[in-house]
Amino acid sequence: MKPITGHGWSNPLYRLVWADPHRRARKLLQFAEVEAEGARDLFRAAETMRDPGLRRRLFAHARDEVRHAGLFRTRGLALRRTLANPGAAKGLGDGLIAGERGFDKLEVEKESVTSLLAFIHLSERAAAKAFAAYGAVLDFDPDTRAVITQVARDEEGHMRYSHAELARLAPGSANRALWAARFRRLWRAYLRLALILADMIAHVFLTLFYFLLVGPFALIAKHASRRETRGWHVCTQRPRDGGGGQY
Amino acid sequence: MKILGISAHYHDAAAALLVDGLPVAAVQEERLSRQKNDPAFPLRAIEWCLDHARIDPSELDAAIFYERPALKFDRVLMTLLRAFPHSWRVFPQAMKNMVGEKLWIRGIIHAHLDLPVSRIYFTDHHLAHAAAAFLTAPTENAAILTADGVGEWATLTVGRGSKTVGGASHIELLREVRFPHSLGLFYSAFTAYLGFRVNEGEYKVMGLAAYGTPRWAAEVRRILTRTPDGAFALNLDYFEYHRSVDSTYSRQFLDLFGPPRDRFEPIDLATPQGQHYADVAASAQAVLEEVIVDVASTLRKETGLSDLCMGGGVALNGVANARILQKAGFERLFVPSAPGDAGCALGAALYADRILFGQPHRDCPDHPFWGPAVEPEGLARLASEDGLPCDRLSGSQLIDQVVEAVAQGSVVGWMEGAAEFGPRALGHRSILADPGDAVMRDRLNRDIKFRETFRPFAPVVPAEHADRYFELPPGGRRLGRFMSGVFSVRPEWRERLRAVTHVDGTARVQILEQDMAPRLHALLTAYGRRQGIPILLNTSFNLAGDPIVTSVEEGYSTFRRGGIDLLVADNALLRRQQARQQQPMEEVA
């Protein structure tokens, strides 16, 4: 297996992304959440795994993810505390790229052992690549770089063990499983894009609908609400409901 | 009749199965999907319930959903129209949410179960809460009070119920407070302000409140006002939940209470800022208690009934429950093990059986253990595959060994029989430890549960000894059955119960009757003989962010991940000490 290195061509872009300390802190905290989520998936995979050897490895992998979550969180918080205005503490949003998504809502119970391992291998490979690339552009922040480099090294280890286990448990079909997993990742990426597009289109149409058509009904609703009293209301009786209407 | 109750799509989805008027299975989806507070349509829970009872979906006489989706849509739409044009950002989101899925429940149930639509029913959300509280309680006549965030329109209802074994059951909801005026949403706004997750962190606000003084109560009363008819109303200038996607409180709220807590930073109660947040929590808690005690007192006078059944998420507030019991004039207060939305699955099924179909009432078994059972063979298998010695012991041997271990400072993961239905671990999926050592509390918070240091742990005590250690008002024993009340620890015992006594001298005690969990009762009695106090610290068997464990595999995994010393699954026992010495643990990946 080839050693993982950062993408040379994208380094200027990554340098730009990571230069802003606000974004850097936010991304580290996002990574902490993704790693914690990944750990849960892996613990779940270990709980449902029948093969004892693989179960132990998945368990160890999950513990690594917990450690990574801690590392990212600690560094993200330290960085955040240096900021004059750290920004809203609400949701962190998404905006993650392929290598940053961890196991991307993997439903471990529904996976066969081979597809699970292939999926883990590819996810870890993508993560190792991404983190190697980030480490390469973080020379101006040695503390963050140390965290990212350490995680990148671990992800390489995960990538190797998952490949070795795949070869052990499915010697004849490892390559096929890997290709199937690649297609699935591609399909998921397409679905994600399609959903984002559909969501945006729906959002635009519903907003137009809101401003063009809802106004008159809103006036009626507001007028009706003015007659409504505060406090107790008599509960609605449904004598002809027959039990169980939707309204 | 075979009736399936379903709750879903808001938070904490669940399914419950009733056969001939009695529950046979009930489980929250999160316990099977392993996603905390999983709101998804509870397919796994439904499948488990049906498998457990060996029933094919086609054999169901009815499936009933815990609320009326079209009426809920009516409320959502009306709220958006009333907030026009400020609701423009939330409108697309809400429409996609409702029209995309939540409105088509009949079709979803039909598609998944292949059940004729004529056998699919709906009930009012608060009727389901009322049924869950009243029809499971061992009382024939009771007043009913339900309060939560919001159902369809109602946020709080009061009423009364009557039933006799073999006879008819009646539930009459007399009146209601309607959205947007809601005690649940009021409390959730403070939950969000204090940096906790809404619908999940409300109990943290309750725990934090004990550290503060209610010096903001006057300000809180400006936003939660009383109406002349004895109900309440929220001053909506201080809230955003009715017109915003991502915020529950408004700018005026912040002008009143200051900047919200940064959720990434821990609360440091030694700092003025940390103390401020504790004071705000105490103020919100105090005003909530004032209102709900007053509503309950009026209900007591109006109905003249001595028993009160409470349901809805607000009934998880043990401090408020205890205040109601002490101040409102009721002799007994019944809160089911699952008073929140999950419990509505069981409530809806009971409502269908007793009220819709007019079946005669049968007393429900008075315990919360309706979930999947432990399989100790699974633990033995896992242990043997990992080369760990797993002992299979007789009942008395097991209890002796656990008592000795806890007395030596060990933390025990205790799994027994069927899992609890509801958010509390009531002795079948618990972590047990010595209640006397404050170091133990800190160790559990830091190394095992990985949670905030200010949060208290609960004790479990045999019912016959409860009065000796806790100041229980009349009816307190009943309220403590499902850990639904917070009571004072008697001052003379606080030093010896440091790990379970909160900063204000109280504890959310579980009062255990022998018939509910005989083995845990025997353990407590044996522990009392060994240590002089028959009380154990009892906290849910899970790590932060995870649902309570269900299967033995999840128990084993949690045992390995946290600093738990002993794992018990029925009669199987596994020790960490031996594990450390005899088995190289996980290989490095």
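Residues numbered from 1 in each chain as written. Chains lettered and ligands numbered in written order. Predicted model: local features only at pLDDT ≥ 70, side-chain atom pairs only at ≥ 80, totals over all residues. Heavy atoms only, no water.

A. Structural view of the packing of aromatic side chains. What the rule picks out here adds up to 36 aromatic pairs over all chains. Where Y210 of chain A meets F84 of chain B, the ring centres are 4.9 Å apart and the plane angle is 40°; that geometry is what we call tilted. Note that Y210 of chain A is positioned in helix 6 (residues 174-226) and F84 of chain B in the loop between helix 3 (69-82) and helix 4 (90-102), a pairing that runs across two chains. Here the two residues Y210 of chain A and F84 of chain B agree in accessibility, since each one is buried. Put simply, the rings of F179, F186, F190, Y193, W216, F239, Y241, Y249, F253, F257 and Y277 of chain B pair up and form one aromatic cluster. The ring centre of Y10 of chain B lies 4.9 Å from the NZ or CZ of K72 of chain B, which sits over that ring. Above the face of the F559 of chain B ring, R576 of chain B is positioned so that its terminal group lies 5.0 Å from the ring centre. (Phe/Tyr/Trp six-rings, centres within 6.5 Å; stacked < 30°, edge-to-face > 60°. Helix = DSSP H or I, 4+ residues; strand = E, 2+ residues; numbered from the N terminus. Buried < 20%, exposed > 50% of the residue type's maximum accessible area, 1.4 Å probe, protein only. Lys NZ or Arg CZ within 6 Å of the ring centre and 35° of its normal.)

B. Expanded view of the confidence of the model for chain B. Residues and elements named next belong to chain B. When pLDDT is averaged along chain B, the result is 94, and 98% of the positions lie at 70 or above. Residue range residues 578-589 is modelled with pLDDT below 50. Its contacts to residues more than four positions away, or to other chains, number 23 contacts. For this predicted complex, the interface confidence score (ipTM) comes to 0.88, while the overall pTM stands at 0.93. (pLDDT = per-residue confidence, 0-100. Contact = heavy atoms within 4.5 Å.)

C. Structural view of the nonpolar core. Residue and element names in this part refer to chain B. Grouped together as the largest cluster of nonpolar side chains are 113 residues, with contacts concentrated most on L145, L156, F186, F257 and L308. Tallying contributions element by element places helix 11 (residues 272-303) first for this core, with 14 residues. Excluding residues within four positions of it along the chain, F186 makes contact with V220, I223, L224, L234, F239, A284 and L288. (Core = buried A, V, L, I, M, F, W, Y, C linked by side-chain atoms within 4.5 Å.)

D. Region of interest: the sheet that holds strand 21 (residues 506-507) of chain B. All names here are of chain B. On the basis of which strands lie adjacent, the open sheet formed by 3 strands has the order 19-20-21 and antiparallel pairing. Of all strands in the sheet, those with a lone pairing partner are strand 19 (470-471) and strand 21, marking the two edges. Both strand 20 (residues 487-489) and strand 21 contribute to a ladder of 2 bridges, which runs antiparallel. Within strand 21, the position partnered with F487 by the bridge is A507. (Pairing = 2+ DSSP bridges.)

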